[in-house]
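Close look at the chain arrangement
Letter by letter, the chains look like this.
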Amino acid sequence: MTNREIICANPACRVSETGMCLEGLPLDDCSSYGNEPAVEDEADEAEHDVEEIASSTITLSSGRALSAEIAAKFLLNWDSRVIAIIGPRETGKTSLVAGIYDLFQSGRIGEINFARSSTLTAFEIACHDARTASRRGVPHSERTRRGEVLFYHLDVYGGVANDGVTLLLADRSGEEYSEVADDIANANGLVELHRADVITILVDGARLLDAGRRHSIRMDITMILQGLSEADVLRVDQRIALVLTKLDMVETSENSARAISGFDEIHQHLVTKFAGKVQGFDIFKVAASPQEARMARGTGLKTLLESWLKKQPCVAVEVTNERKPTRAFARIRPLNEEQAHE
Amino acid sequence: MNEKSVVVIGLPGSGKTTYLAALWHLVTANDIATQLKLSQLGAGSRKHLNEIASRWQNAVQQDRTYLQGLKLVRMHLNDEAGHDFVVSFPDVPGEEYRKMWEDREIDIAVQETLTSAGVLFCIHADTINQPNWIVDEAAMLNMLGLPVVASKAIDWHPQFAPTQVQVVDILQMLRSPPLDIGPRRLAIILSVWDKASGEGLTPDAYLAQKMPLLNQYLSANADGWKVQVFGVSAQGGDYDDVDPGTERSEDARRLRELDKASTRIDVVNEKSHTHDLTAPLAWLME
């Protein structure tokens, strides 16, 4: 192999950093690769205090939610937390994620400050239907579509985040989690759960208020967790955050006491059923995007965010001879490679 | 001669060209004390600078049709210690910076200018687009006894994003490939400060109150910016509209009456209140 200097005549090309041609060509086929960028005649340039500059464009980062592959790179930087959020359709998952970001728009959350985010466009899209620019009469949230898991990114600091924590919030459609209850093999592709520091399970407050639909909530959640446990996805060092959403609707309903009691029963049932399988359960009650102003926007989100950011204490686990990478993303393999290992 | 570069960034209508026009007037008129002075005219054309400075002197708004295309402007300046240097400013239409946020792309020529060592970021202090929530608006209407009226929902567009989100994202882009050159100095110019100063806040406090997300981002300093915030009134008031037939501005008439046009300018920060528009530049050059 020759020791050729990595340069390119195209000033926009970053082959020296990425090893890839901007035009997508094999390096040896690129006529610009290996050549110095053309330098304008500085003497000519100095003749003009005003220059008209020619143009063509280059693409910048999208600001959209991150793929698992890109998100994995963020885990190498700072102290990081991966948060998986399990919630059936219209439970309030997007509202929860958008609600936390939107609280930072008005200032810090408790002692926690926004530091940066590579997914500002994704957050803005998630927030749109709760903002007046959408021209909706009541807040609304788009449902998450089926497909690969994507991650919202926030760097925060201060309070429980101390000098800084990278927070990655996994976004996957609720149906894909529910399918674990149908067949535990469906848990294999849920990469975010393997790496999650906290698995957050949303309990729909509106559904708890519904005399008929409330009965199936406990079973749905139990089946998902049972499937994840049997698929070896749950870890004893993981915590489960059980979150009652749409608290504004619950508190103003005549069936409020029944709904709160139902939520507590689900919590107690899960604590008993999954004792020893996970580190523990915490409960939260939130109104991320209330339908009416009877409750403050983002009620309960500060406590939930603080719990996500807390460093989980180490838990002793049985050591086996099998050597597994500590990071979930490092365990991801192409399907054919995975089959070859079996 | 030492060549230093400063990029003047800002969304459309944020006061970039007015800043350059007032600056060119200030260093050529030399009628008040300034930290930086014009050392020589140097070779080449100064047509663009003279055009925009002339409009500024006559208290007439800049003609947007004249401000198309990318222009690189150079000024030969020296500081109080007598150091000579050439400062180059790209005068880039705000549309280019809007494209960074909305279209996620940038002109390759603008990309080169964005790798300047000093960044002067103009934000129109009086037109900051703040986020508004449906539930908050509904509460207000309810208090006033007015009904909440929903109309046909409209899809998201990047232009709806609050000003602070767009500014944070552009600053993050400057600290990410292919624009990153390492930690830099950043002078945030809250332009049209004459409209904002009535609130009695310092520029830092104004930024913290009106753009809390940007304030948190800058305070966190995850991107290593060395920041100063300036309130700048480069015009001193409203200038006459370029459209024929529009009413003449009373502010413009008053400002034209000043014997020293440079005293139209106000530059405010935590420590000082001067007419010296070179102060932010001098700080960027330190």
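Quick note: structure is the one above.
Rules used in this analysis
Residues numbered from 1 in each chain as written. Chains lettered and ligands numbered in written order. Predicted model: local features only at pLDDT ≥ 70, side-chain atom pairs only at ≥ 80, totals over all residues. Heavy atoms only, no water. Helix = DSSP H or I, 4+ residues; strand = E, 2+ residues; numbered from the N terminus. Buried < 20%, exposed > 50% of the residue type's maximum accessible area, 1.4 Å probe, protein only. Contact = heavy atoms within 4.5 Å. Areas by Shrake-Rupley, 256 points an atom, 1.4 Å probe, with all protein chains shown as cover. Salt bridge = Lys/Arg side-chain N within 4 Å of Asp/Glu carboxyl O. Polar contact = N/O pair within 3.5 Å; in protein donor to acceptor, adjacent residues only side chain to side chain. Pairing = 2+ DSSP bridges. Axes fitted to C-alpha atoms, helices over the stretch in contact; angles between N-to-C directions. Phe/Tyr/Trp six-rings, centres within 6.5 Å; stacked < 30°, edge-to-face > 60°. Parallel < 35°, antiparallel > 145°, perpendicular 65-115°, else oblique. Nonpolar A, V, L, I, M, F, W, Y, C, P; charged D, E, K, R; others polar. Patch = residues over 30% accessible without salt bridge, like charges linked within 9 Å, V, L, I, M, F, W, Y side chains within 5 Å. Left-handed = near helix turned anticlockwise from the far one by under 90°. Expected span 1.5 Å × (residues − 1).

**A few points about the overall build of chain A**
Along chain A, the regular secondary structure elements total 13 helices and nine strands. In chain A, buried positions account for 47% of the 342 residues. Long-range contacts, defined here as pairs at least 24 residues apart, represent 74% of the contacts in chain A between residues at least 6 apart. Surface accessibility of chain A: about 17,400 Å² in total, with carbon and sulfur atoms responsible for 48%.

**Overview of the interface of chain A and chain B**
The interface is formed by 61 residues belonging to chain A together with 60 residues belonging to chain B. Scanning the region where chain A abuts chain B turns up two salt bridges. The partner of B:Asp223 in a salt bridge is A:Arg116, with the nearest N and O atoms 2.9 Å apart. At the surface where chain A touches chain B, the tally comes to 17 residue pairs in polar contact (both at pLDDT 80 or more). Per element, the largest residue contribution to the side of chain A that touches chain B is five residues, and it comes from helix α4 (residues 93-106) of chain A.

**Topic: the sheet that holds strand β4 (residues 113-116) of chain A**
Residue and element names in this part refer to chain A. Overall, mixed pairing links the seven strands, which are arranged β4-β5-β6-β3-β7-β8-β9 in an open sheet. The two strands at the open ends of the sheet, each matched to only one other strand, are β4 and β9 (280-285). Averaged over all pairs of adjacent strands, the angle between their axes in this sheet comes to 30°, without regard to strand direction. As defined by bridge partners, β4 adjoins strand β5 (residues 150-157) across three bridges and the pair is classed as antiparallel. Paired with Phe114 across the two strands is Val156, which belongs to β5. Packing against the sheet, helix α11 (residues 256-273) makes contact with β7 (198-203), β8 (239-244) and β9, and its axis sits at approximately 165° to β9.

**Considerations on the packing of aromatic side chains**
Residue and element names in this part refer to chain A. Throughout the structure, instances matching the rule amount to four aromatic pairs over all chains. Geometrically, the ring pair formed by Tyr101 and Phe123 is stacked, given 4.6 Å between the ring centres and 10° between the ring planes. One end of the pair, Tyr101, is in helix α4; the other, Phe123, is in helix α5 (residues 120-127), and 22 residues separate them in sequence. Here Tyr101 matches Phe123 in class, with each residue buried.

**Examining the packing of helix α6 (residues 174-182) of chain A against helix α9 (residues 215-230) of chain A**
All names here are of chain A. The interhelical angle for the contact between α6 and α9, taken along N-to-C directions, is 70°, at an axis separation of 7 Å. By the angle between their axes, α6 is roughly perpendicular relative to α9. Residues Tyr177, Ser178, Val180 and Ala181 of α6 touch α9, and the partners they reach there are Met223, Ile224, Gly227 and Leu228. Tallied by class, the residues present in the contact of α6 with α9 amount to six nonpolar, two polar and no charged.

**Details of a nonpolar patch on the surface**
Residues and elements named next belong to chain B. Together, Met140, Met143, Leu144 and Leu146 make up a nonpolar patch on the protein surface, roughly 470 Å² of accessible area in all. Structurally, Met143 can be placed in helix α5 (residues 134-143). Assessed through its relative accessible area of 74%, Met143 is described here as exposed.

**Quick word on unusual backbone geometry**
Residues and elements named next belong to chain B. The omega torsion of the bond from Pro177 to Pro178 falls at 5°, within 30 degrees of zero and hence cis. Residue position: Pro178 is located in the loop between α6 (163-174) and β7 (185-191). Unlike most non-glycine residues, Val192 shows phi in positive territory, near 55°.

**A look at the packing of α6(B) against helix α9 (residues 212-220) of chain B**
All names here are of chain B. Closest axis-to-axis distance for the α6/α9 pair is 8 Å, and the angle between their directions is 25°. When the axes of α6 and α9 are compared, the pair comes out roughly parallel. Every pair of crossing elements has a handedness; the one defined by α6 and α9 is left-handed. Two secondary-structure elements touch here, α6 through Gln164, Val165, Val167, Val168, Leu171 and Gln172 and α9 through Pro212, Leu213, Leu214, Tyr217 and Leu218. Of the residues that constitute the contact of α6 with α9, the class distribution is nine nonpolar, two polar and no charged.

**Looking at helix α1 (residues 16-29) of chain B**
Residue and element names in this part refer to chain B. In a regular helix each residue adds 1.5 Å, so 14 residues correspond to 20 Å; α1 covers 20 Å between its end C-alpha atoms and thus fits that length. Counting buried positions along α1 yields 12 of 14 residues, so the element is predominantly enclosed. Along α1, the residues that are buried comprise Lys16, Thr17, Thr18, Tyr19, Leu20, Ala21, Ala22, Leu23, Trp24, His25, Leu26 and Val27. Following α1 by one or two positions, Asn30 adopts a phi angle in the positive range, close to 50°.

**Here's the deal with the pattern of salt bridges**
All names here are of chain A. Across all of its chains, the model carries 29 salt bridges over all chains by this definition. Two residues, Glu306 and Lys302, come together in a salt bridge whose shortest N-O distance is 3.5 Å. Of the two residues, Glu306 and Lys302 both sit in helix α12 (residues 301-309), four residues apart, roughly one turn of that helix. For Glu306, a relative accessible area of 22% gives the class partly exposed. Residue class for Lys302 comes out partly exposed when judged on its relative accessible area of 39%.

**A closer look at the pairing of strand β6 (residues 165-171) of chain A**
All names here are of chain A. Counting buried positions along β6 gives seven out of seven residues, so the element sits mostly inside the fold. A two-sided burial pattern is seen for β6, the buried positions comprising Val165, Leu167, Leu169 and Asp171 on one face and Thr166, Leu168 and Ala170 on the other. Two strands pair when backbone bridges link them, and strand β3 (residues 79-86) and β6 are joined in this way by five bridges, in the parallel orientation. The residue bridging Asp79 from the neighbouring strand is Val165, located in β6.

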